[in-house]
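# Structure at a glance
Read off the chains here:
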Amino acid sequence: MTSVRLYILGALAVEGPMHGHQLRLLAEKEHVHYWTDISVGSLYGVIKRLAAEGLITELRLEREGNYPERQVYEISPAGREALAVLRLDALSTVVFKPDPFDLAMSRLDPDSIDTVEATLHGRVADLEAMLAESEAQRARADQYLTANERFVLSHKSVRLRADIDWHKALIFELPRIIADESARTKASS
């Protein structure tokens, strides 16, 4: 399941027929690149794939002013069925990808173990900056959001706060972890 397919089908179902540029403008207006894994530039390629799959259909060609002709698409009956499946899948499937950090942390380099604490503090600072930016974006968009959108957009901040707390706990445990790693390294030598 890709978020961009869900976004395009959902937008056409709710907003009605649109051409690719209108979908792009809507995505930019909704700042989807801030709170989803959607790249606004990827919309056009996915629109073509959805059309090839029969999930959206060409409705008409439009020309506004001196702009080139644009193909207007609408969601097809098969697209509405696919949208229902995508929504259910997105709502019911938990996506929690492994962070390569965990692997790196579990395989510390004994020769640079003294740099780990500084690296972790830098990571906490990065997470805190991401949290501040996420909350600033949400504050800027707040007046345009529905109650549902406002709540959904808080999800990223909640996850970031949890990650910050976890990293701070890791830093607190770091002396014990380093001692254990050092003892294991000496025992295997």
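Residues numbered from 1 in each chain as written. Predicted model: local features only at pLDDT ≥ 70, side-chain atom pairs only at ≥ 80, totals over all residues. Heavy atoms only, no water.

Okay, the confidence of the model for the chain next. In this model, the chain carries an average pLDDT of 90, and 99% of its residues clear a pLDDT of 70 or more. Ranking the elements of the chain by mean pLDDT puts helix α3 (residues 32–35) last, at 75, and helix α5 (residues 77–92) first, at 94. (pLDDT = per-residue confidence, 0-100. Helix = DSSP H or I, 4+ residues; strand = E, 2+ residues; numbered from the N terminus.)

This part takes up the packing of aromatic side chains. Working definition: an aromatic ring pair is given by the centre-to-centre distance plus the angle between the planes. Considering all chains together, one arrives at 1 aromatic pair under this definition. On the numbers, 6.0 Å between centres and 85 degrees between planes, the contact of F101 with W166 is edge-to-face. Of the two residues, F101 sits in helix α6 (residues 100–106) while W166 sits in helix α8 (residues 147–188), which places them 65 residues apart along the sequence. Note on F101: relative accessible area 12%, which makes it buried. On the basis of relative accessible area, W166 is assigned to the partly exposed category, the value being 41%. (Phe/Tyr/Trp six-rings, centres within 6.5 Å; stacked < 30°, edge-to-face > 60°. Buried < 20%, exposed > 50% of the residue type's maximum accessible area, 1.4 Å probe, protein only.)

Another aspect to go through is the packing of helix α7 (residues 116–141) against α8. Relative to each other, α7 and α8 sit at 165 degrees, their axes nearing to 10 Å. Between α7 and α8, the interaxial angle falls into the category roughly antiparallel. Of the two possible hands of crossing, α7 and α8 adopt the one that is left-handed. A per-class count over the contact of α7 with α8 returns 12 nonpolar, 5 polar and 10 charged. (Axes fitted to C-alpha atoms, helices over the stretch in contact; angles between N-to-C directions. Parallel < 35°, antiparallel > 145°, perpendicular 65-115°, else oblique. Left-handed = near helix turned anticlockwise from the far one by under 90°. Nonpolar A, V, L, I, M, F, W, Y, C, P; charged D, E, K, R; others polar.)

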